[in-house]
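Structural description and commentary
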Amino acid sequence: MVPEAIESPNSVLRVEHVSKTYTTISRESVLALDDVSLDIRENEVLTVIGPSGCGKSTLLRLIAGLEEPTSGTIERQDGRAPFRVGFMFQDASLMRWRTIYDNVKLPLEVLGKKDEGEIVRLLKMVQLTGFERKYPFELSGGMQRRVAMARALVHKPSILLLDEPLTGVDELTKEALQAELMQIIRAINVTAVHVTHDIDQAVYFSDRVLVMSARPGKIIGEIDVQLPRERKLSLRTEQAFYDYCKRLRQALRLPTD
Amino acid sequence: MANGYSHIRAYVEPLILLVVLLFVWQFGLELLQVPHFILPTPVQIAQAFFTPSIDWLRNTWVTFSEALAGFATGTIVGVGLAVVIVESKLLRRLLTPYIVTAQVLPKVAVAPIIYIILGFNDVSRIFLVFLLVFFPILINMATGLTDVDTNLIHLLKSLGAGELTVFLKVRLPNSLPYLFDGLKISATGAMVGAIVAEFVSSSAGLGFIILNSQYTFNTSLAFASFIILIVVGLFLYEVVELSGRLAMPWFQRR
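All of these numbers come straight from a predicted model, not from anything done at the bench.

Scoring rules and cut-offs
- Residues numbered from 1 in each chain as written.
- Chains lettered and ligands numbered in written order.
- Predicted model: local features only at pLDDT ≥ 70, side-chain atom pairs only at ≥ 80, totals over all residues.
- Heavy atoms only, no water.
- Helix = DSSP H or I, 4+ residues; strand = E, 2+ residues; numbered from the N terminus.
- Rg over C-alpha atoms; globule rule 2.2 N^0.38 Å.
- Buried < 20%, exposed > 50% of the residue type's maximum accessible area, 1.4 Å probe, protein only.
- Contact = heavy atoms within 4.5 Å.
- Areas by Shrake-Rupley, 256 points an atom, 1.4 Å probe, with all protein chains shown as cover.
- Lys, Arg positive; Asp, Glu negative; His and termini not counted.
- Charge placed at Lys NZ, Arg CZ, Asp CG, Glu CD.
- Salt bridge = Lys/Arg side-chain N within 4 Å of Asp/Glu carboxyl O.
- Phe/Tyr/Trp six-rings, centres within 6.5 Å; stacked < 30°, edge-to-face > 60°.
- Lys NZ or Arg CZ within 6 Å of the ring centre and 35° of its normal.
- Core = buried A, V, L, I, M, F, W, Y, C linked by side-chain atoms within 4.5 Å.

A word on the overall build of chain B
In terms of regular secondary structure, chain B is built from 10 helices and zero strands. Along chain B, helices (α) and strands (β) appear in the sequence α-α-α-α-α-α-α-α-α-α when read from the amino end. Taking 18 Å as the expected radius of gyration for a compact globule of 254 residues, we find that chain B reaches 23 Å, considerably beyond that expectation. Taken over the C-alpha atoms alone, chain B extends approximately 75 × 60 × 25 Å along its principal axes. Within the span of chain B, comprising 254 residues, buried residues form 42% of the whole. In chain B, 72% of the contacts between residues at least 6 apart in sequence involve partners at least 24 apart. Surface summary for chain B: the accessible area is close to 14,200 Å², and the carbon and sulfur share equals 73%. Here chain B contributes 14 positive and 13 negative side-chain charges, whose respective centroids are spaced 11 Å apart.

Now the structure itself:
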């Protein structure tokens, strides 16, 4: 099942027939993405799930405009503001030489904007009020991830890009951080693209999941996740959650019994 | 309290050992009647500091100022070259072989020739110190400028930042801990450089005193010089260490 890019009046970004070929050091051509089309709708969280090396991160870099596709087009819709992305990575990736406040300020600084109020508001949302003057090394791993959340959102991005976020966080902290991130995403109604190989996290975060094959990355399935828009921590214990995980495993061609 | 006590112990125990060693040294030499010119006793070394013909302060300053001038030059050139070879692929290809060549050539070997080229003066001595210290600074700084979190670069570039912004906001601050590591190595190397330079040619300085104590068999003067060299070396190292801590309150060794 290959979903075509659907005409949708409220799409924020449209990827059409995009392929990406890399040339390795030994001058071989490697096809990372093969004819990928997708449509990101306003206010949804779209997950792209697939095995390691399937080109998920390449897709995010293309969306962010860090790389150009070899063929195909990427259409970015300017909303009320020019198209901008916010990034959350596998690691917190904070600047260890900056205080928490200055880390969150970074995107505004690069864009030449001033918005003290938004910094304060986001630090409050991620429950880090009072930590403004601390340095990253003084914070726990979980707190550092929350700084990264605030930094990804401070400049009101058109799309939040989540590149396997929360990798390497211990399981219990991870569930709490997932819930917190999801709550913030819904509270400020940001559109997000999330790439992961974590089935549980894919279902928990998503309104829609696209399944990618191993290299070359091709979209081989799509699942609409019709769970309540507010994602409670207890969602994981519900039958519907299990059912979606199972469907996703099937789509990934993983054993389900 | 336990912590405070162990902190004091870290100083007291080696000091007790030092006192014991000095006693063994003093009475061992007296017992074996070792002549002064082969190995002076601690008391003779202490007396050397009061030799009327030697102005210790001035000679220490001569060596220290050569080391400091070479260290400063090495820092400026090392940092500058690091920026240049990191930012320009062409200059990196052009300069790297010469930088490595300058490093593999033993500095002691070229020292006599440096004096012929640059003259028998402070310029040669400072240049020798510079040759010895610039490399660790250059290598560490270059590593610090390149060994950055690529995510941060992606983050900045996705917001439209150019190379200059990436350099100023990511590469430069990222390089600080690396730079200070290089400075620590070079601070100690600078004293070595100054002494080597004075061994080859000098009319003052601690290297000059050590060389002359060999000619005159007045070894206690050399030992007194060693003590000053240790103190000055530690001082220089501690100044670098302290500046590092002041410049980087955010830094914790991983």
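Let's pick the thread back up.
With respect to the pattern of salt bridges
Residues and elements named next belong to chain A. Summed over the entire model, instances satisfying the criterion amount to 27 salt bridges over all chains. In this structure, Arg14 and Asp39 form a salt bridge, with 3.3 Å as the shortest nitrogen-oxygen distance. In this pair, Arg14 is assigned in strand 1 (residues 11-23) and Asp39 in strand 2 (residues 29-41), connecting sequence segments 25 residues apart. Here the two residues Arg14 and Asp39 agree in accessibility, since each one is buried.

Some words on the packing of aromatic side chains
Residues and elements named next belong to chain A. In total, this model carries 15 aromatic pairs over all chains according to the counting rule given. The ring centre of Tyr101 lies 5.5 Å from the NZ or CZ of Arg133, which sits over that ring. Above the plane of the ring of Tyr204 lies Arg236, whose end atom (NZ or CZ) is 4.5 Å from the centre.

What to know about the nonpolar core
Looking at soluble globular proteins, one finds that nonpolar side chains tend to be buried together. Residues and elements named next belong to chain A. Formed by 93 residues in total, the largest nonpolar core has its most connected members in Leu38 and Leu161. Once you skip the residues sitting within four places of it in the chain, Leu38 turns out to touch Leu13, Arg14, Val15, Leu46, Leu59, Leu210 and Ile219. Grouped together as the second largest cluster of nonpolar side chains are 51 residues, Ile185, Val190, Tyr204 and Cys245 included.

With respect to the environment of Ala251(A)
Residue and element names in this part refer to chain A. Along the polypeptide, Ala251 turns up in helix 7 (residues 239-251). Sequence-wise, Ala251 and Leu128 are 123 residues apart; in three dimensions their C-alpha atoms are separated by 39 Å. Filtering out sequence-adjacent residues up to four positions away, Ala251 remains in contact with Val211, Ile220 and Ile223.

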